[in-house]
Every structure is written in structure tokens, then in C-alpha cells.
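If you want the building blocks of each chain, they are given just below.
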Amino acid sequence: MNALPKVGLGAIGCSRISLKGILPAVASSEQVNLIMVGSRDPEKAKEVAGRFGSVGFGTYDDVLNNKEIDMVYISLPNSLHEEWAIKAANAGKHILCEKPATTSYASARKMIQAAKNKNVRLLEGYMFRYHPQNSAAKKLIQEGVLGNLMRFDGCFGYDMPHKSLIPMSKELGGGSLYVSGGYPISASRMVFDEEPESVYCKLTIDPESGIDVRNDITLNYSNGKTAFTSSIFGSYYHSMYGVLGDKAYLRMGRAYTVPRDMPTKMYLDKDDKVEEMMIEPADHFQLMLHDFCGEIKKGKESKKDYERELLNQARVVEAAMQSNEEKRVVKISEIT
Ligand SMILES: NC(=O)c1ccc[n+]([C@@H]2O[C@H](COP(=O)([O-])OP(=O)(O)OC[C@H]3O[C@@H](n4cnc5c(N)ncnc54)[C@H](OP(=O)(O)O)[C@@H]3O)[C@@H](O)[C@H]2O)c1
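Since this is a predicted model, take the numbers as computed values, not measurements.

## Section: the pairing of strand 4 (residues 71–74)
Alright, step 1. Covered by surrounding structure in strand 4 are M71 and Y73 together with V72 and I74, the residues of both alternating faces.
Alright, step 2. As defined by bridge partners, strand 1 (residues 7–12) adjoins strand 4 across 4 bridges and the pair is classed as parallel. For I12, the partnering residue across the bridge sits in strand 4 and is I74.
Alright, step 3. Across 4 bridges, the pairing between strand 4 and strand 5 (residues 94–98) is parallel. In the strand pairing of strand 5, M71 is matched with H94.

## A look at the UniProt feature "domain: GFO/IDH/MocA-like oxidoreductase" (unreviewed entry) in the protein chain
Alright, step 1. On the UniProt side, "domain: GFO/IDH/MocA-like oxidoreductase" (unreviewed entry) is annotated at positions that read residues 136–250 here.
Alright, step 2. Its end C-alpha atoms 11 Å apart, residues 136–250 is made of 21% helix and 39% strand.

## Some details on the nonpolar core
Across soluble globular proteins, nonpolar side chains have a tendency to be buried as a group.
Alright, step 1. One finds L9, I74, I95 and L122 to be the most contacted residues of the largest nonpolar core, which totals 89 residues.
Alright, step 2. Both domain 1 (7–128 + 286–305) and domain 2 (129–280 + 316–334) contribute no fewer than three residues apiece to this core.
Alright, step 3. Each residue touching L122, except ones within four places of it in the same chain, is listed here: A85, I95, C97, M111, I112, A115, Y306, E307 and L310.
Alright, step 4. If you look at the next biggest cluster of nonpolar residues, it comprises 5 residues, including M168, V213, I232 and F233.

## Things to note about the environment of S107
Alright, step 1. Locating S107 in the fold gives a position in helix 5 (residues 105–117).
Alright, step 2. Separated by 20 residues in the primary sequence, S107 and M127 place their C-alpha atoms 21 Å from one another.
Alright, step 3. Apart from residues lying up to four places away in sequence, S107 is in contact with E82 and T102.

## Some points on the packing of helix 5 against helix 9 (residues 306–326)
Alright, step 1. With their axes 8 Å apart at the nearest point, helix 5 and helix 9 run at an angle of 165° to one another. Taken together, the axes of helix 5 and helix 9 are roughly antiparallel relative to one another. Every pair of crossing elements has a handedness; the one defined by helix 5 and helix 9 is left-handed. When helix 5 is examined against helix 9, the residues Y105, A108, R109, I112 and A115 are found in contact with a partner set consisting of E307, L310, L311, A314, R315 and E318.
Alright, step 2. Residue composition of the contact of helix 5 with helix 9, grouped by class: 7 nonpolar, no polar and 4 charged.

## Brief notes about the sheet that holds strand 5
Alright, step 1. Taken in spatial order, the 6 strands line up as 3-2-1-4-5-6 in an open sheet, and their pairing is parallel. This sheet does not close on itself; its edge strands, each paired only once, are strand 3 (57–58) and strand 6 (122–125).

## What to know about the domain arrangement of the protein chain
Alright, step 1. Domain boundaries in the protein chain define domain 1 (7–128 + 286–305) and domain 2 (129–280 + 316–334).
Alright, step 2. Put simply, the middle of domain 1 and the middle of domain 2, counted by C-alpha atoms, are 25 Å apart.
Alright, step 3. Looking at the side of domain 1 that touches domain 2, its residues break down into 8 nonpolar, 4 polar and 2 charged.

## A few points about the packing of helix 1 (residues 16–27) against helix 8 (residues 284–298)
Alright, step 1. Where helix 1 contacts helix 8, the axes come no closer than 8 Å and their chain directions differ by 65°. Remark: the crossing between helix 1 and helix 8 carries right-handed chirality. Touching G21, I22, A25 and V26 of helix 1 are F285, Q286 and L289, all from helix 8.
Alright, step 2. For the contact of helix 1 with helix 8, the per-class residue count stands at 5 nonpolar, 2 polar and no charged.

Definitions and cut-offs
- Residues numbered from 1 in each chain as written.
- Predicted model: local features only at pLDDT ≥ 70, side-chain atom pairs only at ≥ 80, totals over all residues.
- Buried ≥ 20, exposed ≤ 12 C-beta atoms within 10 Å, placed from the backbone.
- Helix = DSSP H or I, 4+ residues; strand = E, 2+ residues; numbered from the N terminus.
- Pairing = 2+ DSSP bridges.
- UniProt positions renumbered as here; feature names shortened; annotations may be inferred.
- Core = buried A, V, L, I, M, F, W, Y, C linked by C-beta atoms within 7 Å.
- Domains from an automatic or database assignment.
- Contact = placed C-beta atoms within 7 Å.
- Axes fitted to C-alpha atoms, helices over the stretch in contact; angles between N-to-C directions.
- Parallel < 35°, antiparallel > 145°, perpendicular 65-115°, else oblique.
- Left-handed = near helix turned anticlockwise from the far one by under 90°.
- Nonpolar A, V, L, I, M, F, W, Y, C, P; charged D, E, K, R; others polar.

Structure representation (C-alpha cells):
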């Protein structure tokens, strides 16, 4: 029996990822209730709300004005996240904002300040972090199975996005660094459990659209640990990270976007043998939602600092962008 009341959720934007990721996770959740779907198009909002078991539909502002809604899920183009996250905070709603929550450090700071002013929580939706395969990897690392960590490799590559979509629009906050480069960067920060000291980044620009279609990044961590991360538009599908220590190498078979019914595998290369470890399927969108709801319910007792996590990630991405522009290594401490 679930004694606690369900968290009321309002969706802002009927995006493709909302239909595939969060809304199915909400529909099957015993902790969250879909109260209303907001869209620029009321007919679309009505259809999507109905599909996921709600009768509430309206505009984005209707979502913010709805008193039954505790939390909003923002899945708008990246360039609109700041505006709607600040409006949501001012309306007293907790915010789950799709990744990347921001495209600049200054914007991250503004969003977090707005949330703090109104005593609401703000989570950037890097759902992959909640997949149990990462806690399994962390356990091996903490038990010393890999020995001293030395190097992280992470890559997220897939087909060239269609020209009409957000990833290929500068105006909407597209480009490989913002759209998919954040995944392996975030994974390296999670695996090393610290922030990089400096970053070097090279973006490859598509001459037609002016969009970066590839990023290749070196992140220097303490004690000589290094992460090499890339994301690529127009490659064979690749969603991996690997961690090298002085005793073993661990590789995740599918690291970032894992369908809820897909088992995953980790490969532990140690003592000249490769051990395959099976991880049961999991809905990382729902695990993230439930984690967030749990912390919201704890109020001031919550120990999780989602906002610091968002800020740290934004800082590294901004350093990467600056590094590409200035063609030099940028220290994270330069981003203030
Ligand atoms: N976590 C993940 O696995 C994952 C995967 C893909 C994308 N994402 C993130 O989720 C967000 C949405 O991405 P998506 O690919 O799902 O986007 P999408 O399908 O293009 O949807 C974006 C939605 O934003 C609304 N919108 C408002 N102003 C718009 C404008 N000027 N142009 C286009 N749409 C506008 C539209 O909703 P209405 O018409 O209903 O108002 C549209 O459906 C992005 O931040 C992206 O980085 C996350």
C-alpha cells in the first residue's frame, strides 16, 4: 500500500521524448499522477493526455496555473528550458527539466536561483544515471575490482538527425555538444565521482547548417585520471563507456539510452578473461522520477543536491564550448 499521496505532474510540451520516456513511466507509476498536458496545440495536448490516462489539457501557462500540479516536466527545445523553468519555479512547481537543462553556466545559475527563491527542486533529466547498471559498475569500482582508476572512454553516436529537428537547429539549442555530448561527460563525472580540473574540446562543424555534428573532448581529472568523450551525429549507433584501472577494464554494452525492456551487459576484462555480467531491464525514466518524488517529499530533509549536479555539468559543458572557441585547454575554475 502506498500511504503517501501521489505527486501531481504537468507536462510542458508534447515532445517525442515525453511520449517515449516520461509519460509512459508516469502512466505506470504508483507515485505520480498525470494531471495535465500542455502544448501549443490544444488538440495535441488533449490527445496526448488521453493516451496517458489524463483528462487535463491546455497551454503551458494552464499547466503552471493548475493547483493540483506539484511538478512540471519540461521537454521543450533546449533554448526554451531557462524561460519555462523560471516560470515554473515562480509558479511554485518542482521542475524536472530535460537534458541539457541549459546551454550556459549563467543560465544554469539563473534557473537554480529561481528554484531556490521559491523553495522548489530542479532536476536535470540525465535519466541514464538512474539505470541500475551504473550502480553495479560503481560497486565494482568501490570494491577495488578495477584497482586505481586511470582512464574513462565514452562515446554516444547515432544517425544524422533530420534537418527539421532540434539537434540541427542553432536557434533551438541544437548541436552535438549540447544534445548528446553531455551524456559521456556526465558519465565520466559520475564514474570518477569528482569534477574535472580542465577541458580541451574540438567541435566539427557541418558547413551547411553551421551546427557542430561531432565533439571530441579530453577532460583532465585529479591524479592523472583522464576522460576521452565524444558524441557524433551521423555514425553507426554507439552508446558506450569504459573505465580502465590498473587491475581491470570495465565496459558497458549500452550506456545511455536503454529501452525499458532491454537487458544490458557489462564486460569485465580482468586477468586475461572477459566476464559478461547481465543487468536486468529497468525503466530509468521511472527510476529518476521516483527518486525525484522521494526527495521532494522529504522537503528540507533531502540530502540530494540535484541543483549542484546541474550546475557542475553546465560548467564543464561551458568550459568545453570555450575551449573549442579559443582552441586551448580551459580550466574549470575559469568558468565563474
Ligand atoms: N532523455 C532523453 O533520452 C532525451 C532524448 C531526446 C531528447 N531529449 C531532450 O528532450 C527535449 C525535447 O527533445 P525532443 O527531441 O523530444 O523534441 P521534439 O520532439 O522536437 O519536441 C519538442 C517540443 O517542444 C515544443 N515546442 C515549443 N516551441 C517549439 C519550437 N519553437 N520548435 C519546436 N518545438 C517547440 C513542442 O511541443 P508542443 O507542440 O506540444 O507545444 C515540441 O513537441 C530536448 O531538451 C532534448 O535534448 C531527451
